[in-house]
Amino acid sequence: MSSWLGGLGSGLGQSLGQVGGSLASLTGHISNFTKDMLMEGTEDVPADLPNSGREENEATHSVLRSENERLKKLYTDLEEKHEASELQIKQQSSSYRSQLQQKEEEINHLKARQIALQDEVLRLQSAAQSVLSGPGNAPAASTASSCNCGVSHRGAAFHEDDMDFGDVISSQQEINRLSNEVSRLESELGHWRHIAQAQGAKSSDQTEICKLQNIIKELKQNRSQEIDDHQHEMSVLQNAHQQKLTEISRRHREELSDYEERIEELENLLQQGGSGVTVTDHSKVYEMQNTIQILQLEKVESTKKIEDLENKIKEIHKRLSSAEQDREVWKEEQERLEVEKRQITEQCERLKLEHSEAQQSALRQSDAGTEDGRILSHSTSGAEVLRLQQALTDAENEIMRLSSLNQDTNLAEDNQKLRMCVQTLEKEKSLLSQEKEELQTSLCKLSSEYEVIKTTATRDLDLFSQVHDLKHDLEVKEQELNQSIHENEVLMAELEELDKQNQEATKHVILIKDQLSKQQSEGDSVIKKLKEELDDEKQRTHQLEDDKMNIIKELNVQKERLTHSEQALSELQLTKQKLEGKVEDLVDQLSKSEKSNLDIQKENHELREHIRQNEEELSTVRSELTQSQTQGSNSNLKDELLKERETEVRNLKQNLSEIEQLNEHLKQVAFDLRTENEKLVVECEDVRNQLEESVAGNNQISLEKTAMLEWEKAQLETELCRAKKRLLEEERKYKQTVEGLSSAHSPDSSALQLEQERLIQLNQEKDFEITELKKSIEQMDTDHKQTKETLSSSLEEQKQLAQLINEKEICIVKLKEKSSELQKELDKCAQTLRKNETLRQTIEEKDRSLGSMKEENNHLQEELERLREQQSRVVPVPEPRTLGSTTELESELSQLHIIKDHLEEEIKHHQKMIEDQNQNKIQLLQSLQEQKKEMDEFKYQHEQMSITHTRLFLEKDEEIKNLQKTIEQMKTQLHEERQDSQTESSDIFQETKVQSLNIENGSEKHDLSKAETERLVKGIKERELEIKLLNEKNISLTKQIDQLSKDEVGKLTQIIQQKDLEIQALHARISSASYSQDVVYLQQQLHAYAMEREKVMVVLNEKTRENSQLKTEYHKMIDVISAKEAALIKLQDENKKMSTRFESSGQDMFKETIQNLSRIIREKDIEIDALSQKCQTLLTVLQTSGTGSEAGGVNSNQFEELLQERDKLKQQVKKMEEWKQQVMTTVQNMQHESAQLQEELHQLQAQVSVDSDNNSKLQVDYTGLIQSYEQNETKLKNFGQELAQVQHSIGQLCNTKDLLLGKLDIMSPQLSSGSSLTSQAAEPLRASQSSEPHESSQLLQQEVDDLRKSLQEKDATIRTLQENNHRLSDSVAASSEAERKEHEQTESEVKQLKEKQEVLQNLLKEKDLLIKAKSDQLHSSNENFANKVNENELLRQAVTNLKERILILEMDISKLKGENEKIVEASKGKETEYQALQETNMKFSMMLREKEFECHSMREKALAFEQLLKEKEQGKAGELNQLLNAVKSMQEKTVTFQQERDQVMLALKQKQMENSALQNEVQRFRDKESRLNQELQRLRDHLLELEDSHTREALAAEDREAKLRKKVSVLEEKLVSSSNAMENASHQASVQVESLQEQLSMVSKQRDETALQLSVSQEQVKQYSLSLANLQMVLEHFQQEEKAMYSAELEKQNHLLAEWKKKAESLEGKVLSLQERLDEANAALDSASRLTEQLDLKEEQIEELKKQNELHQEMLDDAQKKLMNLVNSTEGKVDKVLMRNLFIGHFHTPKHQRHEVLRLMGSILGVKREEMEQLFGEDRGGVTRWMAGWLGGGSKSVPNTPLRPNQQSVFNSSFSELFVKFLETESHPSVPPPKLSVHDLKPLDSPGRRKVDTGAPESFRDTAESRTGRRTDLNPFLAPRSAAVPLINPAGHGSGGPGHLLLKPISDVLPTFTPLPVSPDNSAGVVLKDLLKQ
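Conventions used here
All residue numbers refer to position in the chain's written sequence, counted from 1. Totals for whole chains, interfaces and linings use every residue, but because this is a predicted model, local features are given only for residues with pLDDT of at least 70 and side-chain atom pairs only at 80 or more, for both listing and counting. Heavy atoms from the whole structure form the basis of all side-chain values; hydrogens and water molecules are not counted. In this text, helices come from DSSP runs of H or I with a minimum length of four residues, and strands from runs of E with a minimum of two, each type numbered from the N-terminal end. For the exposure calls, accessible area comes from a 1.4 Å probe over protein chains only, and a residue counts as buried if that area is under 20% of its type's maximum, exposed if over 50%, partly exposed in between. Whether two residues touch is decided by their heavy atoms; if any such pair falls within 4.5 Å, the residues are in contact. To measure how exposed things are, a 1.4 Å probe is used in the Shrake-Rupley method; for residues, cover is taken only from the protein chains shown. Take a side-chain nitrogen of Lys or Arg and a carboxyl oxygen of Asp or Glu: if they are within 4 Å of each other, that pair is a salt bridge. Joining through side-chain atoms within 4.5 Å is the link that ties buried Ala, Val, Leu, Ile, Met, Phe, Trp, Tyr and Cys residues into a set, and such a set is a nonpolar core. Note on ring pairs: Phe, Tyr and Trp rings are taken, using the six-membered ring of Trp, and paired if centres are within 6.5 Å. Classes follow the plane angle, with under 30 degrees stacked, over 60 edge-to-face and the rest tilted. pLDDT is defined as a per-residue confidence score from the predictor, taking values between 0 and 100. Fitting a line to C-alpha atoms yields each axis, with helices limited to the stretch in contact; the angle taken between N-to-C directions then spans 0 to 180 degrees. For any helix crossing, the convention is left-handed if the near helix is rotated counterclockwise from the far helix by under a right angle, and right-handed if that rotation is clockwise. Lys, Arg, Asp and Glu make up the charged group, whereas Ala, Val, Leu, Ile, Met, Phe, Trp, Tyr, Cys and Pro make up the nonpolar group; the residues left over, Gly among them, are polar. Geometric relationships in this document are graded by angle, where less than 35 degrees denotes roughly parallel, more than 145 denotes roughly antiparallel, 65 to 115 denotes roughly perpendicular, and other angles denote oblique. How far a helix is expected to stretch is found by multiplying one less than its residue total by 1.5 Å. Each patch groups residues whose relative accessible area exceeds 30% and which form no salt bridge, using 9 Å between like charges and 5 Å between nonpolar side chains of Val, Leu, Ile, Met, Phe, Trp and Tyr. By the counting rule applied here, Lys and Arg register as positive and Asp and Glu as negative, while His and the ends of each chain are not counted. A charged residue contributes its charge at one atom only: NZ of Lys, CZ of Arg, CG of Asp or CD of Glu.

## Side note on the overall build of the protein chain
Per the secondary structure count, the protein chain includes 31 helices and zero strands. Counting across all 1974 residues of the protein chain, residues that qualify as buried make up 27%. Sequence separation of 24 or more characterises 88% of the internal contacts of the protein chain that already satisfy a separation of 6 or more. As displayed, the protein chain offers around 132000 Å² of accessible surface, 55% of which is attributable to carbon and sulfur atoms.

## Some points on the pattern of salt bridges
Opposite charge on two side chains makes pairing possible when the charged atoms of those side chains draw close. Taken as a whole and judged by the stated rule, the model has 13 salt bridges. The shortest N-O distance in the salt bridge between glutamate 254 and arginine 250 comes to 3.1 Å. Within this pair, glutamate 254 and its partner arginine 250 are both found in helix H5 (residues 204-272), separated by four residues, close to a single helical turn. Owing to a relative accessible area of 43%, arginine 250 belongs among the partly exposed residues under this scheme.

## Points about the nonpolar core
Residues Leu579, Val583, Leu586, Leu590, Val669, Leu673, Leu680, Cys684, Ile812 and Leu822 constitute the largest nonpolar core, which totals ten residues. Here leucine 673 is in contact with Leu586, Gln589 and Leu590, once residues within four sequence places are set aside. In this structure, Met288, Ile292, Val467 and Leu470 belong to the second largest nonpolar core, which totals nine residues.

## With respect to the packing of aromatic side chains
All chains considered together, the criterion is met by two aromatic pairs. Between the aromatic rings of phenylalanine 1783 and phenylalanine 1787, the centroid separation amounts to 5.0 Å while the plane-to-plane angle is 80°, which identifies the pairing as edge-to-face. With phenylalanine 1783 and phenylalanine 1787 both in helix H22 (residues 1776-1788) and four residues apart, this pair spans about one turn of that helix.

## Quick word on the confidence of the model for the protein chain
Here the protein chain averages 77 in pLDDT, and 77% of its residues register 70 or above. Element-level pLDDT for the protein chain is lowest in helix H26 (residues 1834-1837), with a mean of 40, against a maximum mean of 90 in helix H21 (residues 1644-1771). Per-residue pLDDT stays below 50 along residues 981-994; that stretch engages in 18 contacts with residues further than four places along the chain or on separate chains. With pLDDT under 50 throughout, residues 1870-1939 is counted as low confidence; its partners more than four residues away or in other chains account for 88 contacts.

## Section: the packing of helix H23 (residues 1794-1805) against helix H24 (residues 1809-1818)
Contact geometry of H23 with H24 gives a least axis separation of 10 Å together with a crossing angle of 145°. Helix-helix and strand crossings are classified by hand; for H23 and H24 the assignment is right-handed. When H23 is examined against H24, the residues His1795, Leu1798, Arg1799 and Gly1802 are found in contact with a partner set consisting of Met1812, Glu1813 and Phe1816. Here the contact of H23 with H24 is composed, by residue class, of three nonpolar, two polar and two charged.

## What about the packing of H22 against H23?
Each pair of packed helices can be summarised by the angle the axes make with each other and by the distance between the axes. Two numbers describe how H22 lies on H23: the axes approach to 9 Å, and their chain directions differ by 165°. The orientation of H22 with respect to H23, classified from their angle, is roughly antiparallel. As H22 packs across H23, the resulting crossing turns out to be left-handed. Listed contacts from H23 to Met1779, Leu1782, Phe1783, His1786 and Phe1787 of H22 are Arg1794, Val1797, Leu1798, Met1801, Ile1804 and Leu1805. Taken together, the residues of the contact of H22 with H23 sort by class into nine nonpolar, one polar and one charged.

## Notes on H23
With twelve residues, H23 should cover 16 Å at 1.5 Å per step; its first-to-last C-alpha distance of 16 Å lies within 8% of that length. Listing the buried residues of H23 in full gives Arg1794, Val1797, Leu1800, Met1801, Gly1802 and Ile1804. Just downstream of H23 lies glycine 1806, where phi reads positive at about 90°.

## Here we look at a positive patch on the surface
Taken together, Arg1159, Arg1162, Lys1428, Arg1592, Arg1600, Lys1603, Lys1606 and Lys1607 make up a surface patch of like positive charges. Taken together, the elements giving at least two residues each to the positive patch come down to helix H16 (1147-1185) and helix H20 (1517-1642). Among the elements that make up the positive patch, the one with the highest residue count is H20 (five residues). Structurally, arginine 1162 can be placed in helix H16. Residue arginine 1162 is classed as partly exposed on the basis of its relative accessible area of 43%.

## Some thoughts on a nonpolar patch on the surface
Among the surface-exposed residues, Leu212, Ile215, Ile216 and Leu219 lie close enough to one another that they form a single nonpolar patch of about 380 Å² accessible area. Secondary-structure assignment places leucine 212 in helix H5. Given a relative accessible area of 52%, leucine 212 falls into the exposed group.

## Here's the deal with the environment of valine 1390
Structurally, valine 1390 can be placed in helix H18 (residues 1308-1390). With a relative accessible area of 6%, valine 1390 lands in the buried category. Counting along the chain gives 188 residues from valine 1390 to leucine 1202, while the straight-line C-alpha distance between them is 8.9 Å.

## Description of a negative patch on the surface
Judged by side-chain charge, Glu255, Asp258, Glu260, Glu261, Glu264, Glu265 and Glu267 come together as a negatively charged surface patch. Looking at the secondary structure, you find glutamate 267 in helix H5. Given the relative accessible area of 44%, glutamate 267 is considered partly exposed.

## A closer look at the side chain of arginine 1794
Turning to its location among the elements, arginine 1794 is positioned in helix H23. One buried charged residue, arginine 1794, forms no salt bridge at all, with the nearest opposite charge on glutamate 1796 at 11 Å. With residues up to four places along the chain from it excluded, the contact list for arginine 1794 reads His1786, Phe1787 and Thr1789.

Okay, structure coming up:
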């Protein structure tokens, strides 16, 4: 507010100063103008007037001179007063500055105190933190903040020199702002301290962050303090600077006075003294003066030269600007080069198309044998195409280089000019250097002379000062010289750089030209090579056509291809399975993503509930805060609540981050799914294309082969039938001849027998030949059957392939549907993400609201503490003073209270105003809502229009599809005529291709319709944007009004509060000692407050004016919006009408409508001109209406009434002054209205420019559409011709087929169907031809609608202008009526005195009117000229747009040419097939002719034989032989002649075919030439039309000029007539004056008195006229000022725009940074994907290791099995220990039982019983004796082991069973070994052994128990075995021994049998008895 008030005050001061100066200048100009006009009037008066008029004029002249002198005196007095007031103001400002310095010193002291207090507070806080943990910090912070605020309220700095009320307000506002910032910073400090205390124990990083934040805040405070210090220093420096300036000026004046005194003293001395020294001094002084004059002259010359140099520099700048223009020209040339480049690229694309078409034709007509050659040719052609592309890219790069360097090529001439300028500058530099040297020499001389003068005279101080000044001037000149030298050097450097750049540019241009020429030659060579290759490929195609006869070889190739296709099908099935698997995976991933989405939605709902809870808690916190305002306690609880809220907010943020991570994961999954879908679609399309190509190739080859085979078969069958018939006929003939000969020639039997024998031989040979032919026919039948079988199999395979393809397509459709569903789900995910983002934004807003609530809480706490401190302060007791002072203070207080009441009343008034404004605002918002509803209705109408457009386009697309279906039917008929019913599979592929073409055509038409609809949508969107912008402006204006009113009310309340505080301070000061100073101070403050009140009132008045202006502007904007909406409705209605009209009419209607529109535009222009002329005439009438035509003489009664009228004139003067004030107020109102009108004019001009641009664009589009329509018509004609040719060729083919197959009678029904279908195809073609112009007519309708819209917009602008003119005329009429009334009152009283003056005024006014009319005509002509310039620019733009359209059309033509060439190639292929059929026909005809010739020869032979027989009857055998030989030779000759004839016929046919091809090519070239000529004629016609339009416009402009000239001549004639009337009136007046001279002589005394009165009245009238002129000039001046204000506002808007652009750039930078973050996140995702791949690899490695582990386990199992086998094998063997024990037990047994033991041993060793009995029988005693003698003491060696009581029964019972089982197992080796589980084989000491034993079978338990039973006892049987292998687990291992089977001891692994223990009581015999029992 302060800055605004200051700016307002300064602006008012400046504007008032400008107004004063402009008024002074205006009054001077007006006075000069009136003098000139008076002089002219005096000259115009004829010389016949008497001397009395001259004397009167001289008297008035003298009176005017006296008044001018009086005014000059007044002016000088006013200037002196102004200077005195300025001095007073300076004194007051100096006193204010001194007071400000005092205040600043006080502020500095207070700041020092504040810093000390802050330090103490910080110490207290640190102590409190050390003592208390949390809540003790708040009061300290609050005290610190209160201190800061208390000091910051006082701190202020004043910078400007003139101290005004605005500066005081600005300083107060800065103080308030600083205090608010300090309080905010303190609240933030407290907040961060709480956070630091809460989280100080958790982490050291947060403490560091808090420290850094504290440091940042301290730095901010330091910065603000430094800024304040800098501001103070600036103010101090300004004051010091001004003081220094005053001191320097004072010293300068003193020095000047001293110098003048000294000069006077020196002159006195010179006059007194006459010595030689004085003479020398005089001479020296004279020389010094001369040198000074010379130097001054040189200085002037040097300044002139410097000015010349500056002018030259300006010329150089102008040349640089011209060089820049040349650069622009080069840019245009660059654009032309780019256009040429485009043409080159188009040619290259055409070549590529030709090349590709040649490749396709070669592929169609190629064979399996020539595939390698084709691949080579394709590779070479592809390489050459790549070379061409590279050359093109190089050419483009070089063109870019040329364009960049061509800008510098035209600078060479400018550089030469600059060189010339630099040479001239160097010359001037040399001259200046010479002058400098001369000046230096003169300086040296002067210095020497100065030294002489110093030695001689010490008095010449004056000369010293002059020399010093000269030195100073010399230094200045040297500096200027140095500057000029420096500038010259800079210019030289720039010139050198420019020369270097020019040289480089020229070199580069030459290099680029050489390279371009090389590249052109290379491109030509490449084109030639391509043409040669095309010719070679054509030759190859002919060779391939010749090689088509090798059909049998191709059948094998076809079989191989079929096998390949089967393999490809299997691969496709595999890929299909993979794709299905991928799709299933994708579906699974989608389901997972859906689940995750559901989870996220649930979490979102939970978050929303949480946010609601937070909001409720926030409301509770606010209620608690309101309670805290009333109660000063409970601060700790609030802190805890805030901490809890912060923790909750952190939790919410964490949840949000987790949700964002989930969303990012979902995005990754969705992106992967999309990429996989795209890959799958691409693979499916590739597979489809491969299948289609393979199937199409197979179908073509098979169909061609089948057709050829069937054709040959039919020919062979016909030939066989003919041969059989001929043979039968010949046999009949021969039989007849034999019978006739036998009956006629019985005597010649011998010769007849010989001949019969020959005939029989011949018949036998013929029979052999017939049999051979039959065999060959049978072979052919078998081959044909085989081919039929192969073809049927291939057809079946093809059908299977087609079915597979259909299945694949179905699968692809399903995949597409799935992908669409996936995309929909992805869209749902994106919507959920957006919802999450909105939730995040709401949470952030809640966080912000929490922060703001915290700040408010801190502020409230601080205010509470301040209130407490204020309450705690004790009011000082006032000391008793005098009653007078108290009464005065009380009176002042009462006055202040009254002022306060007044201010409160004003505030209430303003509040009422604000409420009214709010009500207006509500009404405006309602109106805006209604407008929005109307806009929605418009949008709905537009959508309906777009729906109707789409329906029309769909109908057109259906028609096109029907046409294409008919074309497909034609093609299918052709294929049916060529082939038989086996061509079903190929039709499928053709239909798919045609459908794709249909889709492409439909898409193109849709694109056209979309472009047009998009234009309409863009126009409506622009209108909507304009309306939105206007609404936003209205809202912003209302907001600004509310803010201004609120700010003013707030400022007034702040001022009132400050006043209350100051009143309290005054109460406190009453007790102080300095009472008188306080009283003076209070009086000054009262005065200042009164001034402030007045200023505030002025500001409030201005605000009310601005509010009223804003309201009027708002209403005007609403009117404009409503007018635009009405115009839109009208336009839509007219669009509908036009659409209904233009559906029936054609191009003629469009031309007529365009002509009508142009006529309407011209009529509107004429209306505008007429309106402008009406305005001018209205102005003239208004100006002339004040003055009527009066003529009459001077009567004697006039002189008597003059005295009475003098008093009336005085009263009228007062009325005129009042009227003058009213006029001033009206002028101010007019200023505001003119400002508004100018804004509206600017808006209307912008709208008109936009409309003109739209018109130009529409004209260009219209011309382009006309051209495209003509081209489409030509293309349709060409297509019709080509269709006719194709139909003709089809008819020829049908005729040839009729000729070939007429005998077979197969194709007769098909031909009729073909003809009917051709007729059917012709009709939809015509329909398509008629539909295309219908589309173009719709396009033209849209353009005409756009033109009408623009016309209606112009009508709206014209209406607005008319309304403005009416307003002006009404306002002028109202003002003129007021003036007329006053003039009538004055004229009725002063008519008789004012006749001559009225005549003069009429003349003046007529001349003013003439001048104004001429100026208006000039303005109108200038506007017309500007309009013409704009039209020329628009036409240039139209020409450029036409060029671009021509380029686009050329591109379309090239595309159509490519399509035509494709069609031509297809027709060529058909012609080649037709030629091949013709050749085959020729061959067959040749064969037929040969067969007929053979028949003819056979007949001749028969006749010859008959003649021979007849001659033999006569006995002439020799002649017969001769005749036969002659006949044979003739036959051979005839055969040769026939062959030659056939060859010649074939050559003739080939020549005819070549001639027909050449004729076709010639016709094509002629068609091209005709098309080009048509295009040329059309362009010429278009140019002629443009020239005609230009000429018409020029003629119209000339007509307008002629009309204006006629008007000027008429006005001149009127002027002449009026001047004649004036002369007549003056003549009559002179006659009347002569008649009245006699009366005047009688009343000469009265005449003198009346002359004086007349002079007074004339002076008053002149003053009135001057005041009117002044008012007019003031009006013009105010208009200029308003223009300046608007320009300033425009500059402000531009600055704002620049700031917005900067903000946009910063936002773009942020976007870039976000993109970088995104890239980083993507990189992180890539790394995560790599990690997942690595994890997959690791899992694969783990699986491989598991497999290896399984293999190792299998190996271990095998090893265990082998071990078990070994164990079983060892169990089957006899143990040495056992046998030893048995042997020893034998000798322990009694002797009568030993034989039983021996039997046992024998049975164990396998000895039979009989052998054992024999051994016992032979020598029983010997054995026993020998054994007893050998083992004498055996019984003693066996130790006796005592048995436990519990073991005895076990051993007694179990050993026998085990032994018997062992024997059984050993006696039966076939039984498998016992399987022992690995789990049961644990060591004996392990604790798990018992557990296993519980689950084991009983047998194993018994063995285990037996083992555990004998674990501790020594076993005598196992003693010797323990050395080799430990049978029992040793004690060292225990349970921790080796775990493998092979590493365990045998006792744990193998089942060991317990040996038989022997008790001491029982003997061996008992044991054996037990054994034998068992």
